[in-house]
Amino acid sequence: MNKEQIETIIARLALSPGQLSEIAQTLAERIREGLAAAGAEIAALPTFLPPPPPDLAGEALAADLGGTNLRAGRVRLEGTEKAEFPAGPVARALGRTWESAGEFFSAQAKLASEVASGASLPLGYCFSYPTRPLPDRDAVMLGWNKGVEVPGVLGRPVGAPLREALRAAGVGTSRVTVLNDTVAALLGGISAFSPTAAYSDFIGLIVGTGTNIAAVFPVSALAGRLRGAAYPHERMAVNLESGNFHPPHLSRDDDELDARRPDAGRQRMEKAVSGKFLPELYAFLTGSPAPGPRELFLLARENSPAGRLAAAVIGRSADLTAAALAGTILVLRPAGRVGILAEGGVIANEAFYRQRTAETLRGILRASGSASLEADFALRENVNLIGAAVAALLP
């Protein structure tokens, strides 16, 4: 592929300020639809979890099923900014395929048993795949993504079988709370920053193997979703499942590549943004073998036509992430600065990606007439495990 062909592809990928503003406004409309009624493009799943109080304290077992790794740790919380790990974190690579649900949950229980204590602790289970949360704080599996597939789990609760697997491994748990990784990042960050005057609102953001957004909304916005379910708090964390958003102004290359996939039409935002899919898009554009995610980011630093194309693919991802954040902020209508609690290898490990996202976000907010709104990244190490422990300890 010559230089001229690459420049043509780069031009097709570019998103103008006007297009990014339209993407943000479109997502805001989809979020409002999802908050109001089930079955929308943006699922806006109620979690039945309130924002944590500043004095939350106790010890919990936390398990994290991510897109790449299994992790576990024993976490002790002592109020604001006080999160310690008496044991762990420990991690193992996550297999792509499993012979049975029993094998799948037993592997996680075995890892968690390495950090468990003799006491029967509450368990926070960070489950990084689409689920429908239940009022009892378990959650029903809705569908696999990120290349992972486990038989016998779809349509069933995921917290109960992990608890049974832990019991078989000799680990007792007093209660299991299941939450999405994005919600875990949200709660883990709020527990560190909420008592300060720095932020009025928070957004949980994942950009790694996949992508998603979560935020805390007034329960009044969810009245059509809760259908009289008992919930004693005024605000609730909501898992938007924003990776399923179909942004306007994706390129014809995105459309052609997606048409070849077995899940065509689904998770269009995720396929244009996340670390799992960016190398696949680059390979489709160039006709070359797909690099690994890390190799793609290293290539983007090269001063060459191939490097410029890699940088364009990654830069558009950051711009789309900024548009998604802007759309969420337009719905939240915050009174002050927004803290973006980011997790995932792409957003957490690549400083220039965060910088590009932040700069584009400021531009979109200015264009929308919301120039007074400000947002910045509030990172916290092991935020998903901490957030899972927070959820486990919530009353």
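Our structure is the block above this text.
Just so it is clear, the model here is predicted, and its values are computed rather than measured. (Residues numbered from 1 in each chain as written. Predicted model: local features only at pLDDT ≥ 70, side-chain atom pairs only at ≥ 80, totals over all residues. Heavy atoms only, no water.)

Draft legend 1. Representation of the overall build of the protein chain. For the protein chain, the helix and strand inventory stands at 14 helices and 13 strands. A compact globule built from 395 residues should have a C-alpha radius of gyration of about 21 Å, and the protein chain, at 20 Å, falls within 12% of that. Along the three orthogonal principal directions, the C-alpha set of the protein chain runs to about 65 × 45 × 35 Å. Put simply, the protein chain has 395 residues, and 57% of those count as buried. Long-range contacts, defined as pairs at least 24 residues apart, comprise 71% of the intrachain contacts of the protein chain with a sequence gap of at least 6. With the model as given, the accessible surface of the protein chain reaches about 15,600 Å², and the carbon-plus-sulfur share is 50%. Within the protein chain, one finds 39 positive and 40 negative side-chain charges whose respective centroids are separated by 1 Å. (Helix = DSSP H or I, 4+ residues; strand = E, 2+ residues; numbered from the N terminus. Rg over C-alpha atoms; globule rule 2.2 N^0.38 Å. Buried < 20%, exposed > 50% of the residue type's maximum accessible area, 1.4 Å probe, protein only. Contact = heavy atoms within 4.5 Å. Areas by Shrake-Rupley, 256 points an atom, 1.4 Å probe, with all protein chains shown as cover. Lys, Arg positive; Asp, Glu negative; His and termini not counted. Charge placed at Lys NZ, Arg CZ, Asp CG, Glu CD.)

Draft legend 2. Looking closely at the sheet that holds strand E3 (residues 69-78). Sheet architecture is open: five strands sit in the order E4-E3-E2-E5-E8, paired in mixed fashion. The sheet terminates laterally at strand E4 (83-93) and strand E8 (173-179), the two strands that pair on one side only. Within this sheet the neighbouring strands show an average axis-to-axis angle of 15°, counted without direction. Sheet topology places strand E2 (residues 57-65) next to strand E5 (residues 121-127); five bridges connect them, and they run parallel. Paired with Asp-64 across the strands is Cys-126, a residue of E5. This element, helix H5 (residues 181-193), spans E5 and E8 of the sheet and lies at about 105° to E8. (Pairing = 2+ DSSP bridges. Axes fitted to C-alpha atoms, helices over the stretch in contact; angles between N-to-C directions.)

Draft legend 3. Quick look at helix H4 (residues 159-168). Among the residues making up H4, those that are buried are Gly-159, Leu-162, Ala-165 and Leu-166. For H4, the arc enclosing every buried residue in end-on projection is 125°, short of the 170-degree limit, so these residues lie on one face. The elements touched by buried residues of H4 are E2, helix H3 (101-113), E5 and E8. Positioned one or two residues after H4, Gly-170 has a phi angle of 85°, which is positive. (Arc of directions from axis to C-beta.)

Draft legend 4. A look at the sheet that holds strand E1 (residues 45-46). As summarised here, the arrangement of the six strands in space is E1-E11-E10-E9-E12-E13, forming an open sheet in which the pairing is mixed. At either end of the open sheet lies a strand with only one pairing partner, and these are E1 and strand E13 (375-377). Strand direction decides the pairing type here: strand E9 (residues 201-207) and strand E12 (residues 338-343), joined by six bridges, are parallel. When the sheet's bridge partners are listed, Asp-201 is paired in E12 with Val-338. Sheet strands in contact with H5 are E9, strand E10 (211-218), strand E11 (235-239) and E12, and its direction is about 140° off that of E9.

Draft legend 5. Spatial organisation of the side chain of Thr-131. Mapped onto the elements of the fold, Thr-131 is located in strand E6 (residues 131-133). A residue is classified by how much of its surface remains accessible, and Thr-131, at 2% relative accessible area, is buried. The residues touching Thr-131, leaving out its near neighbours within four places in the chain, are Leu-45, Ala-139, Val-140, Met-141, Leu-142 and Glu-241.

Draft legend 6. Spatial organisation of the packing of aromatic side chains. By the definition in use, this model includes 10 aromatic pairs. Judged by centre distance (5.5 Å) and plane angle (75°), the ring pair of Tyr-125 and Phe-127 falls under edge-to-face. Side by side, Tyr-125 and Phe-127 carry an identical accessibility label, which is buried. Each member of the aromatic cluster is reached from another via a ring pair, and the members are Trp-98, Phe-104, Phe-105, Tyr-125, Phe-127, Tyr-129 and Trp-144. (Phe/Tyr/Trp six-rings, centres within 6.5 Å; stacked < 30°, edge-to-face > 60°.)

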